[in-house]
Amino acid sequence: MPLYKEAPVSSARMGRLWTLAPVKEICVLEFGCMGHMIYAEKWRRTVGCSLGAKLYSTHLNEKEIILGSTARLEQAIAHLVEKESPKALFLIPSSVGEVIGTDITAMIEELQEHFPETTLYVGRMGGLRNTFAQGMSEAMLQLVQAYTCPCEERENSFNLLGCCSDWANWHADAEEIIRIMNGALGLHPQCVLPGLCHADDIVNIGRARINLVMRHEALSTAQWLNRQFGTPYIEGIPCGTQATQSWLLRLGERMNMPVKDDWLANEIARTQLQAQACRQALAKYPVSLGGHADQVIRIQCFLQDELGLSLQAIWSSDRKMEGMPFCSDEAMSHAPMKGLLLAPYAVVRKAGLPEQFSLSWGPSIRKEMGPMVGFKGVETLMTLAEMEISG
């Protein structure tokens, strides 16, 4: 594993943990040291997911590490099945197990026959060799496969897939999408996966009329739900007045539902004035934008297409995209950038900016600024522009 000056690149194991930890009433067991889950409880509180999954750890001592014993894992699974009687038990490998070469996947396949009432889910993408996105994608898919039940009736509801707490504004983003869907189309949320959901919410996830894919990692889950229940999905959440209006009209056509014209007109009238003020405020200031590609794309479309602004720098730090440079956060943290900077926590901290400019979670972030999506995303960007100008 290479050395990092700022922070190591998150592996698939962390993607799996960040996906499973917020979901209420599921059981998560790590084959690893006690400190891992203690830290997980700490960061879960800081991102607003303190009442999430039940997190357990097997603990490991020197003898087990040296000799490669897995008896403690078998005992832990048996204890949890007896204590919690879970429908599913999600297992997470640790860095220790990965280093000593424990084949947890093969071991779970052998143990499964001893626990017929509980399905054991192990992350085949959950180790150190795979990416954060791969671990997150696999964990979301396993969640719906574990709890979803057959559904024949549709409800006036939607699912929001990929609402994960590694984004700094995830909670506010979810609230804005819920507000828009209810105000414009009269739909209520069936399941906000994984950040704001209970295991029971996933059971009836197939009743929703449409799935909204918030990020690329949730696409495989939406595709699986489409095959199982025929539920249509739309990938990408907009930011800004024009993009949100077009997105809503497209949703209405997809579901054969009318958009509430009065509600939409009021939102457009309110945010157009804010968009004009934002354009004037940033006209003479360079703007740099980077981070997760799905976040970058929606903000880029608003700044360039709607406001007509040019960007000083733009990059994706999670995957390669056409027309967008791919670069690590650590490398970009050393690039000289002036003006307004919206980027992951490590880049924002290196630039000496307040945490409000961060698009990703950081250990010092205690309060969200506001949503970076929908109509209210314009308000948030206007607030950040004013902070940059006054600062």
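Definitions and limits used
- Residues numbered from 1 in each chain as written.
- Predicted model: local features only at pLDDT ≥ 70, side-chain atom pairs only at ≥ 80, totals over all residues.
- Heavy atoms only, no water.
- Pairing = 2+ DSSP bridges.
- Helix = DSSP H or I, 4+ residues; strand = E, 2+ residues; numbered from the N terminus.
- Axes fitted to C-alpha atoms, helices over the stretch in contact; angles between N-to-C directions.
- Parallel < 35°, antiparallel > 145°, perpendicular 65-115°, else oblique.
- Left-handed = near helix turned anticlockwise from the far one by under 90°.
- Contact = heavy atoms within 4.5 Å.
- Nonpolar A, V, L, I, M, F, W, Y, C, P; charged D, E, K, R; others polar.
- Core = buried A, V, L, I, M, F, W, Y, C linked by side-chain atoms within 4.5 Å.
- Buried < 20%, exposed > 50% of the residue type's maximum accessible area, 1.4 Å probe, protein only.

**Notes on the sheet that holds strand E9 (residues 287-291)**
Item 1. What the three strands build is an open sheet, ordered E10-E9-E11; its pairing is parallel. Looking at strand neighbours, the two that pair on one side only are strand E10 (311-316) and strand E11 (340-342), the edges of this open sheet. Strand-to-strand, the axes of this sheet are offset by a mean angle of 5°, without reference to chain direction.
Item 2. Relative to E11, E9 is paired through three bridges, and the arrangement is parallel. Counterpart to leucine 289 in the pairing with E11 is leucine 342.

**Remarks on the packing of helix H1 (residues 12-20) against helix H7 (residues 132-147)**
Geometry of a packed helix pair, given as the angle between the helix axes and the separation of the axes.
Item 1. Between H1 and H7, the shortest axis-to-axis distance is 6 Å and the interhelical angle comes to 40°. It follows from the interaxial angle that H1 and H7 lie oblique. When you trace H1 past H7, the crossing you get is right-handed. Residue-level inspection shows Ala12, Met14, Gly15, Arg16, Trp18, Thr19 and Leu20 of H1 in contact with H7, the latter providing Phe132, Gly135, Met136, Glu138, Ala139, Met140, Gln142 and Leu143.
Item 2. The residue inventory of the contact of H1 with H7, partitioned by class, reads nine nonpolar, four polar and two charged.

**Notes on the nonpolar core**
Item 1. The biggest cluster of nonpolar side chains holds 71 residues, and the ones touching the most others in it are Ile26, Phe90, Leu160, Leu185, Leu212, Leu248 and Leu251.
Item 2. If one sorts the elements of this core by residue count, H7 sits on top with nine residues.
Item 3. Those residues in contact with leucine 251, other than ones at most four positions away along the chain, are Met181, Leu185, Ile210, Leu212 and Ile234.
Item 4. Of all hydrophobic cores here, the second largest spans 34 residues; its members include Phe302, Leu303, Phe357 and Ala385.

**Quick look at the pairing of strand E5 (residues 157-163)**
Item 1. Counting buried positions over the seven residues of E5 gives seven, a clear majority of the element.
Item 2. Two elements, E5 and strand E6 (residues 188-194), share six bridges in a ladder whose sense is parallel. Opposite leucine 160, over in E6, you have valine 192 as the bridge partner.
Item 3. Taken together, the four bridges between E5 and strand E7 (residues 210-213) define a ladder with parallel strand orientation. By the bridge assignment, leucine 160 is partnered in E7 with leucine 212.

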